[in-house]
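The primary structure of each chain is shown beneath.
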Amino acid sequence: MANTNQLDALLHGIAQEQGEGFTFDRASIEQEAQQNSLRISQLAVKVLVILGGFLGASTFLGFLVAAGLYNSPIAMATLGIILLAGAEWLIRNKKESTADSVGVSFNIIGYILLAVGVGQLVEEVMDSGTVVALVMACAATLLILFSHSGICTFLAVLVLNGSLLGLLFIHKIYNGAHALIILQGAILIFMSLNEAKLIAASAKLNTKYGPIRMGVIFSLVITLGLFVHQKFLSSAIGYFWVSGLFLSGCLIYLLHRVLQNTDITNIKTKAAFYTCCLLILTPTVVAPSVPGALLILLSSFYIGHKPGFWVGLLALAYFVILYYYDLNLTLLAKSGVLVASGLFFLGGFVLLNRYLKSYAN
Amino acid sequence: MKNNLPRELIYAVARHSNWNPAGIDARLRSGNVYASARNWGSFLRLFLLGTGASFTVAGIIFFFAYNWADMHKFVKLGLIELLLVATTGAALLWKGSRTIKNVLLTGSTVLVGVLFAVFGQIYQTGANAFDFFFGWTYFVVLWVLVANFQPLWFIFLALLNTTFILYTQQVATYFTFNAVLDVLFILNAAAVLIWEALATRGKVSVQHRWFPRIISLAAITAITISMIVLLFSSFRDDNGIAYILGFGMYGAAVWYGHRIKDLFYLSAIPFSAISVGTAIIIRLGEHMEEFVLMLATLFVIGSITFLVQYLGKLNREWHGKY
């Protein structure tokens, strides 16, 4: 957390850069920074609130089942809507940590009740899965647009992704998952490369940037996870190269932007860099999970976002292990591929070391 | 990724001013929020070294996992031993970066496992999987101590945990589920205690806290499950040791979290306590299900709310006005 001197120095610096036209509301900045210190700002506390929300939701569902209240779908759906709206009201009107934790619990319970209630309501007249997915998608979209809570926005992105995946899988449009991956990849790269523009565009976008980006990261990992675990939902996604090509393209573009921000001007160095990137990415075009995890890892590193970086790193380790495990080759051939890849990376390490030494000299 | 200027402050100023995007972008870079060219250099070096070493060692494992019917057993064992001597010798004689030295030793540690596995495959000794992991763990202790490298410590602890679990499954089958969890807790909690003691004396870098975090979570999870399971099973399964260990840990970790001003311990430990508290409520009122489950819900929401409020207050006390 910053102190007053840091804020003064920052405001003074901006005023010098931007000139006399720079105007700011110091009282609001101070008030908000102070509120942030009271509200949920640390990752450990955010995780605590989400886990607490799920624990509270599970005991509450147990209560509903024990009390037999699940027999009334209208009551459940209505209570779900009331809890979703009530959570939002609480968070908006009570700007303190109490509201955040209670609000998140209400939010999770609200989604579950709404889904179960709507599902039971329509199961006899139409395809309940489709209706539930559509209702959940609508509720999540509304919360993404209007929620004032970071955690509720994050959860809403996950619910929206789950609903869209549900719609695709219920109707067996398995290859539609590529459209979802393309959308998630595009949003992630756009948000990562345009953070400054987005947070300056409006106060709403400013507060929603972090939760939406994190939600997209988790959604991308979940969707890519379904690509490699098709037996899990008995799906049949094909044409992996569609997502693979798109995600690889996003990665190359990201690395191009990174290179632009460095002092590297030598054409040979640039050509060697892009050739290495293509060599690494080409074999993974048919396994989009690998470039997808790499995209999360590198885009998060680019903007200095540690939680995203760790999610990307863990996802990459998992997907790379699965990639080699699933390769349709003998153990001997796999061994050859692994050693060759390892030596290629070690060679890259030696070359990079030499380059950095010569650059430092 | 060392942040000098808090991202939250840049966001707060951007929200309540007409700061232009170009200025924000420049500040995100100059304030070390974004990765600099130097950060990218360090990251790529580590990434290439880590992936290169892991892929090569994995390739070697796959090579020996292949059913080499034509290869003489001495050639198989000789090849692995040659690789083992080569990597360990290289680590010993390496004059450059300490990281490379440690990565080489980590490679040697994995190769010891490959050697034991191939030995067991050739001679069909009839040994348990426990013996294999015990041998592997025992023979790499020295390297782990000498290297003092966090990834190597992590592998060592994973080996220790696996060895113990296999021991209780294949040799000491009289261990109850609770007793296994209690010992796993002691094992991992001891590792965290040693790490924190070394960190206090400046012997390990406190900048990379991923190691104690993961091991702490493993220890807390083990003792929390043990306490909850004991509630619903026979008290004689571990004679209440889980509660002595658990409550001892609660006190020590909360005290230590306050002392070093770390919200991790002060979030993870109370969550464990809330989970155990919820289980106690459910256990006590098994015959009044509806009432008890509603009470448990209120307890969870109320305690999490109180905890978050308290942590927010602490955070403000520790880190100033904002």
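Criteria and thresholds
- Residues numbered from 1 in each chain as written.
- Chains lettered and ligands numbered in written order.
- Predicted model: local features only at pLDDT ≥ 70, side-chain atom pairs only at ≥ 80, totals over all residues.
- Heavy atoms only, no water.
- Helix = DSSP H or I, 4+ residues; strand = E, 2+ residues; numbered from the N terminus.
- Buried < 20%, exposed > 50% of the residue type's maximum accessible area, 1.4 Å probe, protein only.
- Contact = heavy atoms within 4.5 Å.
- Areas by Shrake-Rupley, 256 points an atom, 1.4 Å probe, with all protein chains shown as cover.
- Lys, Arg positive; Asp, Glu negative; His and termini not counted.
- Charge placed at Lys NZ, Arg CZ, Asp CG, Glu CD.
- Expected span 1.5 Å × (residues − 1).
- Domains from an automatic or database assignment.
- Axes fitted to C-alpha atoms, helices over the stretch in contact; angles between N-to-C directions.
- Parallel < 35°, antiparallel > 145°, perpendicular 65-115°, else oblique.
- Left-handed = near helix turned anticlockwise from the far one by under 90°.
- Nonpolar A, V, L, I, M, F, W, Y, C, P; charged D, E, K, R; others polar.
- Buried area = accessible area lost by both parts, 1.4 Å probe.
- Salt bridge = Lys/Arg side-chain N within 4 Å of Asp/Glu carboxyl O.
- Polar contact = N/O pair within 3.5 Å; in protein donor to acceptor, adjacent residues only side chain to side chain.
- pLDDT = per-residue confidence, 0-100.
- Core = buried A, V, L, I, M, F, W, Y, C linked by side-chain atoms within 4.5 Å.
- Patch = residues over 30% accessible without salt bridge, like charges linked within 9 Å, V, L, I, M, F, W, Y side chains within 5 Å.
- Phe/Tyr/Trp six-rings, centres within 6.5 Å; stacked < 30°, edge-to-face > 60°.
- Lys NZ or Arg CZ within 6 Å of the ring centre and 35° of its normal.

Turning next to the overall build of chain A. Secondary structure summary: chain A contains 15 helices and zero strands in total. For the C-alpha atoms alone, the extent of chain A along its principal axes is close to 70 × 65 × 30 Å. Classification of the 361 residues of chain A by burial places 49% in the buried group. Counted over contacts in chain A with a minimum sequence separation of 6, partners at least 24 positions apart contribute 70%. For chain A, the accessible area works out to roughly 16800 Å², and carbon and sulfur atoms hold 69% of it. Across chain A, the centroid of the 19 positively charged side chains sits 12 Å from that of the 15 negatively charged ones.

All names here are of chain A. With 25 residues, helix H3 (residues 43-67) extends 36 Å from end C-alpha to end C-alpha; this agrees with the ideal 36 Å at 1.5 Å per step. Taken as a whole, H3 has its buried residues at Val45, Leu48, Val49, Ile50, Gly52, Gly53, Gly56, Ala57, Thr59, Phe60, Phe63 and Leu64. Once H3 finishes, Gly68 follows within two positions and takes phi at roughly 75°, a positive value.

This part covers the domain arrangement of chain A. Examined at the domain level, chain A breaks down into domain 1 (1-41), domain 2 (43-169) and domain 3 (172-361). On a C-alpha basis, the centroid separation for the pair domain 1 of chain A and domain 2 of chain A is 35 Å.

All names here are of chain A. At their nearest, the axes of helix H10 (residues 203-228) and helix H13 (residues 289-302) sit 9 Å apart, and the two run at 160° to each other. Considering the angle they form, H10 stands roughly antiparallel to H13. Our pair here, H10 against H13, has a crossing hand that is left-handed. Touching Arg213, Ile217, Leu220, Val221, Leu224 and Val228 of H10 are Ser289, Gly292, Ala293, Ile296, Ser299 and Ser300, all from H13. Taken together, the residues of the contact of H10 with H13 break down into seven nonpolar, four polar and one charged.

Chain A puts 93 residues into the contact, and the matching count from chain B is 81 residues. Taking both partners together, chain A and chain B bury about 8000 Å²; carbon and sulfur atoms supply 72% of that area. When the area that chain A buries against chain B is broken down by residue, the three leading residues are Leu48(A), Phe301(A) and Phe349(A), summing to 9%. The salt bridge partner of Arg27(B) is Glu17(A), with a shortest N-O separation of 2.9 Å. Taken together, the links from chain A to chain B amount to 19 residue pairs in polar contact (both at pLDDT 80 or more). Tallying contributions element by element places helix H15 (residues 331-360) of chain A first for the side of chain A that touches chain B, with 16 residues. Here the side of chain A that touches chain B is built from residues that sort into 51 nonpolar, 33 polar and nine charged.

A word on unusual backbone geometry. Residues and elements named next belong to chain B. The phi angle at Asn239 is positive, at roughly 55°, despite the residue not being glycine. Topologically, Asn239 is positioned in the loop between helix H9 (210-232) and helix H10 (241-260). Unlike most non-glycine residues, Lys261 shows phi in positive territory, near 55°.

For the rest of this paragraph, the subject is the confidence of the model for chain B. Confidence in the prediction of chain B, expressed as mean pLDDT, is 89, and 97% of residues score 70 or more. Across the interfaces of the predicted complex, the ipTM metric reaches 0.86, alongside a pTM of 0.88.

Turning our eyes to something else, we now look at the environment of Asn261(A). Here Asn261(A) lies in the loop between helix H11 (240-260) and helix H12 (267-281). A residue is classified by how much of its surface remains accessible, and Asn261(A), at 41% relative accessible area, is partly exposed. What Asn261(A) contacts, discounting residues up to four positions off in sequence, is Tyr302(A) and Arg29(B). One polar contact links Asn261(A) to Tyr302(A), side chain to side chain, over a distance of 3.1 Å.

Counting residues in hydrophobic clusters, the biggest one holds 152 residues, and the most contacted among them are Tyr111(A), Leu298(A) and Trp19(B). Of all the elements, helix H7 (residues 150-170) of chain A adds the most residues to this core, at 10 residues. In this structure, Phe164(B), Leu181(B), Leu231(B) and Tyr265(B) belong to the second largest nonpolar core, which totals 34 residues.

All names here are of chain B. Along the polypeptide, Leu187 turns up in helix H8 (residues 177-200). Along the backbone, Leu187 and Thr200 are 13 residues apart, and their C-alpha atoms lie at a distance of 20 Å. Among residues more than four places away in sequence, those in contact with Leu187 are Leu160 and Asn161.

Moving on to a nonpolar patch on the surface. Residue and element names in this part refer to chain A. Together, Tyr239, Trp241, Leu245 and Val286 make up a nonpolar patch on the protein surface, roughly 470 Å² of accessible area in all. Assignment of secondary structure puts Val286 in the loop between H12 and H13. For Val286, a relative accessible area of 54% gives the class exposed.

Okay, the environment of Ile165(B) next. Tracing the backbone shows Ile165(B) in helix H7 (residues 150-170). Spatially, the C-alpha atom of Ile165(B) lies 9.7 Å from that of Val183(B), the residues being 18 residues apart in sequence.

Before going further, it helps to examine the pattern of salt bridges. Scanning the entire structure with this criterion turns up nine salt bridges over all chains. Among the ionic pairs, Arg7(B) bridges to Glu195(A), the shortest N-O distance being 3.0 Å. In this pair, Arg7(B) sits in helix H1 (residues 7-15) while Glu195(A) sits in helix H9 (residues 195-201), so the two residues belong to two different chains. Judged by relative accessible area, Arg7(B) falls into the buried class, the value being 15%. Where salt bridges share partners, they join Glu196(B), Arg209(B), Arg213(B) and Asp262(B) into one cluster.

Further remarks concern the packing of aromatic side chains. What characterises a pair of aromatic rings is the spacing of the ring centres plus the angle enclosed by the ring planes. Summed over all chains, the structure comprises 40 aromatic pairs over all chains. Arranged with centres 5.2 Å apart and planes meeting at 50°, the rings of Phe227(A) and Phe240(A) form a pair that is tilted. Residue Phe227(A) is located in helix H10, and its partner Phe240(A) is located in helix H11; the two are separated by 13 residues in the primary sequence. By relative accessible area, Phe240(A) is classed as partly exposed at 21%. Of the aromatic side chains, those joined through ring pairs into one cluster are Phe301(A), Phe309(A), Trp310(A), Trp40(B), Phe43(B) and Phe47(B). Positioned above the aromatic ring of Tyr325(A), the side-chain terminus of Lys334(A) is 5.9 Å from the ring centre.

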